Amino acid sequence: MRAQRPAHLAPAIHGVAEALPFDDDSVDSAMAMVTLHQWPDLAAGLREMRRVARGPVVVLAFDGDELGRLWLMDYVPELQRAEAARHPAIGTITDALGPGTAVHPVPVPIDCVDGFTEAFYARPESFLDPAVRRAQSAWTFLEPGVEERAMAKLDADLASGAWDEKYGFHRTQPELHGAVRLIVGR
């Protein structure tokens, strides 16, 4: 990704969350966007963010306990279990960031163009596209056959109208209050 960065932009610095290449209190704020679930040592990474930031530490993450709010989990409960196991508990994050940390639900708008799972809450047909699923890492954690079974059921329910009968209100719901959380430590 650094190699693809346009030359006229500020340089991208190589580092890892657990050992940020910055002095104490050397940046105005620190931010991590939907990445905590990939860190080998969450506590160390959050300590590093706190160490280098003079101001707030901002984290966008998913609340694993709230993933079941998305209708898709009725079709693929295995996906919910896989994702919940990967995402750190919100309390773990707030404890690491310390007193004064606030958690804010982030509603997902109906026209969200990001490719994360909840972005398609009002567009169920999107999940039938293998390219959409391939852009979401959670699907790779499922046992063989689970994805195919779930998509066959979704396809059948969309064709029969069963999906719209049960979940169709999502097609006009301006936003989804799902599992996305903005966590701000001061």
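It should be noted that the structure appears before, not after, this text.
As a starting point, this report considers the structure included with it. As the structure is a computational prediction, the values presented were derived from the model and not from experiment. (Residues numbered from 1 in each chain as written. Predicted model: local features only at pLDDT ≥ 70, side-chain atom pairs only at ≥ 80, totals over all residues. Heavy atoms only, no water.)

1. Regarding the overall build of the protein
Short version of the rule: Helix numbers and strand numbers start at the N terminus; a helix is a DSSP run of H or I with at least 4 residues, a strand a run of E with at least 2. Using a 1.4 Å probe, the Shrake-Rupley method yields the accessible areas, and only the shown protein chains count as cover for residues. Charged-residue counts in this description rest on Lys and Arg as positive and Asp and Glu as negative, His and the chain ends being excluded. Here the site of a charge means NZ on Lys, CZ on Arg, CG on Asp, or CD on Glu.
When you go through the protein residue by residue, the secondary structure sums to seven helices and six strands. Accessible surface, the protein as shown: approximately 10,200 Å² in total, 56% of it carbon and sulfur. Taken as two groups, the 18 positive and 27 negative side-chain charges of the protein have centres that lie 2 Å from each other.

2. Structural notes on the layout of surface pockets
Cut-off, in case you're wondering: Here a cavity denotes grid points, spaced 1 Å and computed from the protein atoms alone, that fit a 1.4 Å probe unable to get out, and a pocket denotes an open set having protein on both sides within 12 Å along at least 5 of 7 lines; residues with an atom within 4 Å of a point are the lining. Grid points are joined across faces, edges and corners, and a volume is the space filled by probe spheres set on the points. Nonpolar residues are Ala, Val, Leu, Ile, Met, Phe, Trp, Tyr, Cys and Pro. Charged residues are Asp, Glu, Lys and Arg, and all others, Gly as well, are polar.
Of the voids in this model, the largest pocket is the one considered here, and its volume is about 800 Å³. Those elements that place two or more of their residues in the lining of the largest pocket are strand S1 (30-33) and helix H1 (42-52). Ranked by the residues each element gives to the lining of the largest pocket, the list is headed by S1, at four residues. Its residues placed into classes, the lining of the largest pocket shows 16 nonpolar, four polar and two charged.

3. Observations regarding the sheet that holds S1
Strands pair in a sheet through their backbones, by hydrogen bonds, and they do so in one of two ways: parallel or antiparallel. Put simply, the test is: Here a strand pair is declared whenever DSSP counts at least two bridges between the two strands. A fitted line through C-alpha atoms serves as each axis, taken over the contacting stretch for helices, and the angle formed by two N-to-C directions is quoted from 0 to 180°. Any two residues whose heavy atoms approach within 4.5 Å at even a single point are treated as in contact.
As summarised here, the arrangement of the four strands in space is S1-S2-S6-S3, forming an open sheet in which the pairing is mixed. Looking at the sheet topology across the chains shown, the edges are occupied by S1 and strand S3 (102-105). Taken pair by pair, the neighbouring strands of this sheet meet at an average axis angle of 20°, ignoring direction. Of the strand pairs in this sheet, S3 and strand S6 (residues 180-185) are connected by four bridges, and their pairing is antiparallel. Note on S6: the bridge partner recorded for His 104 is Leu 182. Contacts from H1 reach S1, strand S2 (57-62) and S6, with the element oriented near 150° to S2. Its contacts with the sheet put helix H4 (residues 90-97) on S2, S3 and S6, and the angle it makes with S6 is roughly 15°.

4. A word on the packing of H1 against H4
In plain terms, the rule: We call two directions roughly parallel when the angle between them is under 35 degrees, roughly antiparallel when it is over 145, roughly perpendicular when it lies between 65 and 115, and oblique otherwise. Here a crossing is taken to be left-handed if its near helix is turned anticlockwise relative to the far helix by less than a right angle, and right-handed if that turn runs clockwise.
Running from amino to carboxyl end, H1 crosses H4 at an angle of 40°, the nearest separation of the two axes being 9 Å. Between H1 and H4, the angle falls in the class oblique. Helix-helix and strand crossings are classified by hand; for H1 and H4 the assignment is right-handed. In this structure, H1 uses Leu 42, Leu 46 and Arg 50 to contact H4, whose residues at the interface are Thr 92, Ile 93, Ala 96 and Leu 97. Residue composition of the contact of H1 with H4, grouped by class: five nonpolar, one polar and one charged.

5. Topic: empty space enclosed by the protein
Applying the stated rule across the entire model yields one cavity of 30 Å³ or more. In this structure, the largest cavity encloses a volume near 40 Å³. Val 34, Thr 35, Leu 36, His 37, Leu 60, Ala 61, Phe 62, His 87 and Pro 88 are the residues that line the largest cavity. Grouping the amino acids of the lining of the largest cavity by side-chain chemistry returns six nonpolar, three polar and no charged.

6. Regarding the nonpolar core
Put simply, the rule reads: The set of buried Ala, Val, Leu, Ile, Met, Phe, Trp, Tyr and Cys residues whose side-chain atoms join them within 4.5 Å is what this entry labels a nonpolar core. Working definition: with a 1.4 Å probe on protein chains only, accessible area under 20% of the residue-type maximum means buried, over 50% means exposed, and in between means partly exposed.
Counting 31 residues, the largest nonpolar core has Trp 71, Leu 72 and Val 76 as its most contacted members. When contributions to this core are tallied by element, the ones reaching two or more residues are S2, helix H2 (72-75), helix H6 (146-160) and helix H7 (162-167). The element contributing the most residues to this core is H6, with five residues. When residues no more than four places from it in sequence are discounted, the contact partners of Val 76 are Trp 139, Leu 142, Val 146, Ala 150 and Met 151.

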